[in-house]
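Listed below are the residues making up each chain.
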Amino acid sequence: MGLSFDHLLLTRFSAVLHPDAPPPEEDWLYYRLGFFVDACLPSVLSQRGAQPFDWLVLLDDRCSDGFRTDVEELAAGAFTPLWSHEPFRRHSFAAEVAPRSRAPYLVTTRIDSDDAMATDFMAAVQGRFDGQDRLFVNFPHGIQIDRSGAVYRNRVLSSPFLSFIERRRADAPPETVYVAKHARARHHAPLLEVRSPVMWAQVLHGSNLSNIANGTRVHPRVVGRRFRFDLGYDADASGARLLRGRARQWGRLARLWSTHPGELTKWAEASAWSLRGTHIRPQETGAPTVTDRVQAWERDTRTRLQHARTRLRHSRWRVGAEQQGRSTVGDTRE
């Protein structure tokens, strides 16, 4: 179409979520920085075939001078660190993105600081631009790598690797991809689910908020084919060893899904939608997914069980009190 756009990559590294939250501790910052250096940073620097893009990384400025110096040295020629102690909000990036966007259209992509993208990720996002206004773009197919080095196939609808295409308006700041929580993006704008090879990698570790391998074990060759990073993984898992790993993972999945049915429906929903190929899921404010309904059922079931236990305790207390009362009356008559 000949229309121009600016593309920015956005990462929240250590910005707090609540006004009264203390700054991250030094140990946590360096722990997180290790994943950033091993996985996220090299994967972004290895992007091929994409038009130039800027990378903004938001960090809490209440850190040691040493940590800040280390980040600034890493940032040279790679990304722009944004230092602030304000709590993170959905518009937190807007003020920084606005002066960096001069084109009629803006594309923003999000990535967590401990995750990675395939070498053609940014080019694939840009390839989906066609002058749309307010459209989320998602690649559902990715992998997870846990601390043992095992690699799992994963599919996530409306994943944490979303992009957002919008037309710039002179009278309003940009919305950016953080305008909505990634899992609820379709409530805010239409969502394009793109059929593609593996496009992203999640690193599962102790402080990861989504520390669940909700997928099947796969051969690690996919990592070398699709990614360039320094993260360790079990590159030798194959043959009988891989088969044993797959069997163990199916056992773990069975236990996970029996305990948390919402995880099963999340996996099944993503697998089913992926069979449709590339398609747009229309904006539907408040429209519950199957996973939403199952999770609501789980919450209602827990609430009913809790109420039943409370009623049972109260009934036992009443029976005990009545028995005690009858015993007291009997003693008086004697």
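Everything numeric here is computed off the predicted structure, so don't read it as measured data.

### A few points about the sheet that holds strand β8 (residues 151–155)
- Strand order in this open sheet of 4 strands is β5-β11-β7-β8, and the pairing throughout is mixed. One side of each edge strand has no neighbouring strand; the edge strands of this open sheet are β5 (116–117) and β8.
- Pairing geometry for strand β7 (residues 141–145) and strand β11 (residues 200–203), over 3 bridges, is parallel. Considered in β11, the bridge of Ile-145 is made with Val-203.

### Some remarks on the packing of aromatic side chains
- One pass over the full model with this rule turns up 19 aromatic pairs.
- Here the aromatic rings of Phe-36 and Phe-79 are separated by 5.4 Å at their centres, their planes lie at 90 degrees, and the arrangement is edge-to-face. Taken together, the residues span a long stretch of sequence, with Phe-36 in helix α1 (residues 26–45) and Phe-79 in the loop between α2 (65–75) and β3 (80–84) at a distance of 43 residues. Across the pair, exposure class does not vary: Phe-36 and Phe-79 are buried alike.
- Geometrically, the ring pair formed by Phe-88 and Phe-93 is edge-to-face, given 6.1 Å between the ring centres and 70 degrees between the ring planes.

### Some points on the sheet that holds strand β4 (residues 105–110)
- With mixed pairing, 8 strands are arranged side by side in an open sheet as β3-β2-β1-β4-β9-β6-β10-β12. Looking at strand neighbours, the two that pair on one side only are β3 and β12 (279–281), the edges of this open sheet. Ignoring strand direction, the axes of neighbouring strands in this sheet form an average angle of 25 degrees.
- Summarising the sheet, strand β6 (residues 135–138) and strand β9 (residues 163–167) pair through 3 bridges and their orientation is antiparallel. Along β9, the bridge assignment pairs Val-137 with Ser-163.

### Points about helix α6 (residues 239–259)
- Spanning 21 residues, α6 covers 31 Å between terminal C-alpha atoms, matching the ideal 30 Å at 1.5 Å per step.
- On its buried side, α6 packs onto β8 and α7 (261–274).

### What to know about empty space enclosed by the protein
- Inspection of every chain in the model, using the stated rule, returns 1 cavity of 30 Å³ or more.
- Taken as a whole, the largest cavity spans an internal volume of roughly 30 Å³.
- Around the largest cavity, the lining residues are Phe-13, Leu-33, Phe-36, Val-57, Leu-59, Val-71, Leu-74 and Phe-79.
- Residue assignment for the lining of the largest cavity shows that the elements contributing at least two residues are α1, β2 (54–60) and α2.
- Looking at the lining of the largest cavity residue by residue, the class counts come to 8 nonpolar, no polar and no charged.

Parameters and conventions
Residues numbered from 1 in each chain as written. Predicted model: local features only at pLDDT ≥ 70, side-chain atom pairs only at ≥ 80, totals over all residues. Heavy atoms only, no water. Pairing = 2+ DSSP bridges. Helix = DSSP H or I, 4+ residues; strand = E, 2+ residues; numbered from the N terminus. Phe/Tyr/Trp six-rings, centres within 6.5 Å; stacked < 30°, edge-to-face > 60°. Buried < 20%, exposed > 50% of the residue type's maximum accessible area, 1.4 Å probe, protein only. Axes fitted to C-alpha atoms, helices over the stretch in contact; angles between N-to-C directions. Expected span 1.5 Å × (residues − 1). Contact = heavy atoms within 4.5 Å. 1 Å grid on protein atoms, 1.4 Å probe; cavity = no way out; pocket = protein on both sides within 12 Å on 5 of 7 lines; lining within 4 Å. Points joined across faces, edges and corners; volume = space filled by probe spheres on them. Nonpolar A, V, L, I, M, F, W, Y, C, P; charged D, E, K, R; others polar.

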